[in-house]
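Architecture and fold: a report
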Amino acid sequence: MRTSSLIAPLLASFSLIALAQEKGVGYDSVEKALAALKAKPGVTVSMQGDWTIISDDGGNTVWSFAPQSHPAHPAAVKRSLVADKDGNVRIQTGALCQASKANCDALMEEFKALNDKAAKAVQARTSQSGSAGTVVKDAQVEAETLRYFALRDAGKLEEAHALHSVEQQTRLPFPKWREIVQGFNTTAGAVTSREVKRITLYRNPAGLPQGDYFAVDFSGVFASAPVHCGYLVWNVLPSGERRITREEENFIDAQTYTKLSASKVAEVKQQFRC
């Protein structure tokens, strides 16, 4: 089971907050939960492998439904980003598992391991960005980055997706990527501003094909997403063209933003590298 920060911003944010657990998910059967959510307006339904993933509440709640091949089937795991009156943010996790106790316990361990793995990836990325590479000024990379986002904002998604590398397009085919971007655009609303914050050049990084890689940190403001930032990586092809090999973005929607204290917003923005 794979996760994408584009599909579920709350999953990309889990390392910032405590993990709490609640009982149940508000339905008395997995079948009823799946049917009700699929019929609910405004949700995004996608497949990640054999798992059914449903993003609700502007991406702040993500449901994961186990496939029939999974030992814990039928099972649903609900994870929600919540904030209390003091601005403390956490991920609240609930599960409805109708398999044996052993298989259900194993399912929860599976999700715990998934979170741990993602946390290590975030830490590794932060460490690498801070200790390797050279911060550069590259007007062409900046212009290409802003053009890419302009295509996304204008709904010219086929043109935008064509700027991804072959490997990236294989990992995230156009229909799936389009669904993710359209879901974000619907939640975030009209773009107010975008900014390239930093460009870091990595030459022949370990574990990747030799070449130059430009990591671009960006931030933005949207009508319904006052905090939005992330990074993408351009690889220079032998032809001299650049293609996107990785893309990550995180955001806080307006509803959640109003529940956070100023200090908590600053903390989250720092962790997001805004």
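Residues numbered from 1 in each chain as written. Predicted model: local features only at pLDDT ≥ 70, side-chain atom pairs only at ≥ 80, totals over all residues. Heavy atoms only, no water.

What follows is about the overall build of the protein chain. Broken down by element type, the protein chain carries nine helices and 11 strands. Burial status across the protein chain gives 46% buried among its 274 residues. Intrachain contacts of the protein chain at a sequence separation of at least 6 include 57% that bridge at least 24 residues. If you sum the accessible surface of the protein chain, you get close to 13900 Å²; carbon and sulfur atoms cover 51% of it. (Helix = DSSP H or I, 4+ residues; strand = E, 2+ residues; numbered from the N terminus. Buried < 20%, exposed > 50% of the residue type's maximum accessible area, 1.4 Å probe, protein only. Contact = heavy atoms within 4.5 Å. Areas by Shrake-Rupley, 256 points an atom, 1.4 Å probe, with all protein chains shown as cover.)

Another point: the pattern of salt bridges. For the structure shown, the criterion picks out 13 salt bridges. Among the salt bridges present, the one from Lys101 reaches Asp105, with a minimum N-O distance of 2.8 Å. Of the two residues, Lys101 and Asp105 are both situated in helix H3 (residues 101-131); the distance of four residues between them amounts to about one turn of the helix. Judged by its relative accessible area of 63%, Lys101 is exposed. It is possible to trace a salt-bridge network through shared partners that takes in Asp138, Glu144 and Arg242. (Salt bridge = Lys/Arg side-chain N within 4 Å of Asp/Glu carboxyl O.)

Looking only at helix H9 (residues 262-272), the buried set comprises Lys264, Val265, Val268 and Phe272. Considered in projection along H9, the buried side chains sweep an arc of 100° and stay on one side of the axis. For H9, the exposed residues set more than 90 degrees away from the buried face come down to Ala262, Ser263 and Gln270. (Arc of directions from axis to C-beta.)

One pass over the full model with this rule turns up one disulfide. Each disulfide pairs two cysteine sulfurs, and for Cys97 the partner residue is Cys104, the sulfurs being separated by 2.0 Å. Linking Cys97 and Cys104, the disulfide has an S-S dihedral of approximately -85° and is accordingly described as left-handed. When its relative accessible area of 23% is taken as the criterion, Cys97 is described as partly exposed. (Disulfide = S-S within 2.5 Å.)

Here the structure, examined in full by the defined rule, presents seven aromatic pairs. The lysine or arginine in question, Arg242, covers the ring of Phe214, its NZ or CZ lying 5.3 Å from the ring centre. (Phe/Tyr/Trp six-rings, centres within 6.5 Å; stacked < 30°, edge-to-face > 60°. Lys NZ or Arg CZ within 6 Å of the ring centre and 35° of its normal.)

In spatial order, the strands read E7-E8-E9-E10-E11; together these five strands make up an open sheet with antiparallel pairing. At either end of the open sheet lies a strand with only one pairing partner, and these are strand E7 (134-136) and strand E11 (242-252). The sheet shows a mean angle of 25° between the axes of neighbouring strands, direction not considered. Both E7 and strand E8 (residues 191-203) contribute to a ladder of three bridges, which runs antiparallel. Counted as the bridge partner of Thr134 is Leu201 from E8. Together, E8, strand E9 (212-222), strand E10 (225-236) and E11 form the strand contacts of helix H4 (residues 139-153), whose direction differs from that of E8 by roughly 140°. (Pairing = 2+ DSSP bridges. Axes fitted to C-alpha atoms, helices over the stretch in contact; angles between N-to-C directions.)

The next thing to look at is the nonpolar core. Where a protein is soluble and globular, its nonpolar side chains tend to be buried together. Tyr148, Trp177, Val216, Leu232 and Trp234 are the most contacted members of the largest nonpolar core, which has 21 residues in total. Within the residue set of this core, elements represented by two or more residues are H4, helix H5 (157-161), helix H7 (174-188), E8, E9 and E10. Excluding its chain neighbours within four sequence positions, the residues that come into contact with Trp177 are Tyr148, Arg152, Leu157, Ala160, His161, His164, Leu172 and Glu247. With 10 residues, the next largest nonpolar core counts Val25, Leu37, Trp63 and Ala76 among its residues. (Core = buried A, V, L, I, M, F, W, Y, C linked by side-chain atoms within 4.5 Å.)

So, about the pairing of E10. With 10 of 12 residues buried, E10 lies mostly within the body of the structure. The sheet contact formed by E9 and E10 spans nine bridges and is antiparallel. Paired with Ser219 across the two strands is Cys229, which belongs to E10. In sequence, E9 turns back onto E10 through a hairpin of two residues. When E10 meets E11, the two strands line up antiparallel, connected through 10 bridges.

Now for the confidence of the model for the protein chain. The share of residues in the protein chain with pLDDT of 70 or more is 78%, and the mean pLDDT across the chain is 79. In this model residues 1-23 is a low-confidence stretch, pLDDT under 50, and it forms 69 contacts with partners more than four residues away in sequence or in other chains. Ignoring residues within four places in sequence, the model shows residues 122-131, a span with pLDDT below 50, making 10 contacts including any to other chains. (pLDDT = per-residue confidence, 0-100.)

Between His73 and Pro74 the backbone carries a cis peptide bond, its omega angle lying at -5°. Within the secondary structure, Pro74 sits in the loop between strand E4 (61-65) and strand E5 (75-83). Even without being a glycine, Asn204 presents a positive backbone phi close to 50°. Note that Asn204 resides in the loop between E8 and E9. Using a relative accessible area of 43% as the deciding quantity, one classes Asn204 as partly exposed.

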